[in-house]
Amino acid sequence: MLLRRNVSLAPYLTMRVDHVASEFVTIRSIADLDAARRHCDAPYRILGGGSNIVPVANVSGTVLHICIEGIEILADDGNAVTVRVGAGEQWHEFVEWSVDRDFGGLENLALIPGTVGAAPMQNIGAYGVEQSRCFLQLECVNMSTGERLVVDAPTCRFGYRDSVFKQEWRDVMVITSVTYMLHRQAPLVTDYADVRRAIEGCMHTPTRRDVFDAVVAIRTAKLPNPAELPNSGSFFKNPIVHTTQAAKLLSQHPTMPQWPVSDGRVKLAAAWLIDQCGWKGFRNNGVGVHTNQALVIVNAEGGTGSTVWQMAADIQRSVADAFGVELEAEVNRWD
């Protein structure tokens, strides 16, 4: 276990806010977690790739930086492949690993930043696919008791960018590995217009690699690279509202994008709502909204976490005032 004190979190967060962790522990094994429980102060904060976390200020307690690596094929019947992945593996690299082997199911989730351990926590998704589509189980450690658990999908309570790990198990259960079941014969998901348009020019039957490459190209064109312009990707979830509210909004705003969801409600485009409120390109105290994508808050000039969250609150307030719609942050806040 590598323990350091008074560590700047800026290099570990894609938003690059320069707040300090009083204790910072690099976790490369379950044994490291056991040692952290014995020797480090609670509360614990769980850090993976740092793409979905913005602290408000300096962080007390212990930050556990999860760096557990490894990809292992547990079973392969010629079609279905069961793969266990260390929580510290980079998500995009794991998706590309699977595409290289024609293991299907996750290709639409290319170029999503962060680690594999964060994928079930956030129940990440994009272009018609969520990680829960292929999720089999995960292994985790209860930092209060030291108990090691194997957790299945129903217990994870996956929702839209949500799970039990973002709610009552947050900063208590540390995910150490995730197991997925992938399929060589999994059908391609090309329902989203952007993906469909990107592969229409193929001179052959589209492949998993074609979908993967299309998603990489789309995300590269739409979203700023955190290495060049610090950001946390999509800051807000797309709000889901009742059909009655959606119909009323559409009558008032005929160009408003809407998509029906499985439970009879309607999903709205958070980016469209924010853009209509005039936020795109706005800057204040080093923090702003990206000029090409209203969902992305950027830290262009060394802003603080509190400045980021203040801008997020101002955006939420303006959308609520204009449309009567509450935006929920997708990014996790460390108080």
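Reading guide: rules and limits
Residues numbered from 1 in each chain as written. Predicted model: local features only at pLDDT ≥ 70, side-chain atom pairs only at ≥ 80, totals over all residues. Heavy atoms only, no water. Helix = DSSP H or I, 4+ residues; strand = E, 2+ residues; numbered from the N terminus. Rg over C-alpha atoms; globule rule 2.2 N^0.38 Å. Buried < 20%, exposed > 50% of the residue type's maximum accessible area, 1.4 Å probe, protein only. Contact = heavy atoms within 4.5 Å. Areas by Shrake-Rupley, 256 points an atom, 1.4 Å probe, with all protein chains shown as cover. Lys, Arg positive; Asp, Glu negative; His and termini not counted. Charge placed at Lys NZ, Arg CZ, Asp CG, Glu CD. Polar contact = N/O pair within 3.5 Å; in protein donor to acceptor, adjacent residues only side chain to side chain. Pairing = 2+ DSSP bridges. Axes fitted to C-alpha atoms, helices over the stretch in contact; angles between N-to-C directions. Core = buried A, V, L, I, M, F, W, Y, C linked by side-chain atoms within 4.5 Å. Salt bridge = Lys/Arg side-chain N within 4 Å of Asp/Glu carboxyl O.

On to the overall build of the protein chain, then. Assigned secondary structure in the protein chain consists of 9 helices and 20 strands. Its C-alpha radius of gyration of 20 Å places the protein chain within 12% of the 20 Å reference for a compact globule of 335 residues. In the protein chain, which comprises 335 residues, the share counted as buried stands at 51%. Summarising the internal contacts of the protein chain: among those between residues at least 6 apart in sequence, 62% fall at separations of at least 24. Summing over all exposed atoms, the protein chain offers an accessible surface of approximately 14800 Å²; the carbon and sulfur share of this is 48%. Treating the 30 positive side-chain charges of the protein chain as one cloud and the 37 negative ones as another, the clouds have centres 3 Å apart.

Structurally, T62 can be placed in strand β5 (residues 59-66). Among the polar contacts made by the side chain of T62, one reaches the main-chain carbonyl oxygen of D41 at a distance of 2.5 Å.

Turning next to the sheet that holds strand β12 (residues 173-183). The 5 strands are arranged β6-β7-β12-β10-β11 in an open sheet whose pairing can be described as antiparallel. Among the strands making up the open sheet, the edge pair consists of β6 (71-76) and β11 (148-152). Here the average twist between neighbouring strands, direction ignored, is 20°. Each of β6, β7 (80-86) and β12 is contacted by helix α2 (residues 91-100), which is oriented at about 20° to β12, the strand it contacts most.

The next point concerns the environment of G281. In this fold, G281 is placed in the loop between α8 (270-276) and β17 (283-284). Judged by its relative accessible area of 34%, G281 falls in the partly exposed class. Taking the C-alpha atoms as reference points, G281 and M1, separated by 280 residues in sequence, lie 43 Å from one another. Beyond its immediate chain neighbours, meaning those up to four positions away, G281 contacts V289, H290 and T291.

Moving on, we come to the nonpolar core. Counting 52 residues, the largest nonpolar core has L64, W91, F94, L138, F165 and Y180 as its most contacted members. Ranked by the residues each element gives to this core, the list is headed by β12, at 6 residues. With residues near it in sequence (within four places) discarded, L64 still touches V25, I27, L33, A36, Y44, R45, I46, L47, M143 and V174.

This part covers the pairing of β6. Two strands pair when backbone bridges link them, and β6 and β7 are joined in this way by 5 bridges, in the antiparallel orientation. Bridge pairing links E72 to R84 in β7.

What the rule picks out here adds up to 21 salt bridges. Here R208 ties to D102 by a salt bridge, and the two come within 3.1 Å at their closest N and O atoms. Of the two residues, R208 is situated in helix α6 (residues 208-222) and D102 in the loop between α2 and α3 (118-122); the sequence distance between them amounts to 106 residues. Owing to a relative accessible area of 7%, R208 belongs among the buried residues under this scheme. A salt bridge links K237 to E328; the nearest nitrogen and oxygen atoms lie 3.2 Å apart. Of the two residues, K237 sits in the loop between β13 (231-234) and β14 (240-241) while E328 sits in the loop between α9 (305-323) and β20 (332-334), which places them 91 residues apart along the sequence. We classify K237 as buried; its relative accessible area is 7%. Each of E96, D100, R209 and D213 takes part in one network of salt bridges that share partners.

Don't take any of this as a statement about function, it's just geometry.
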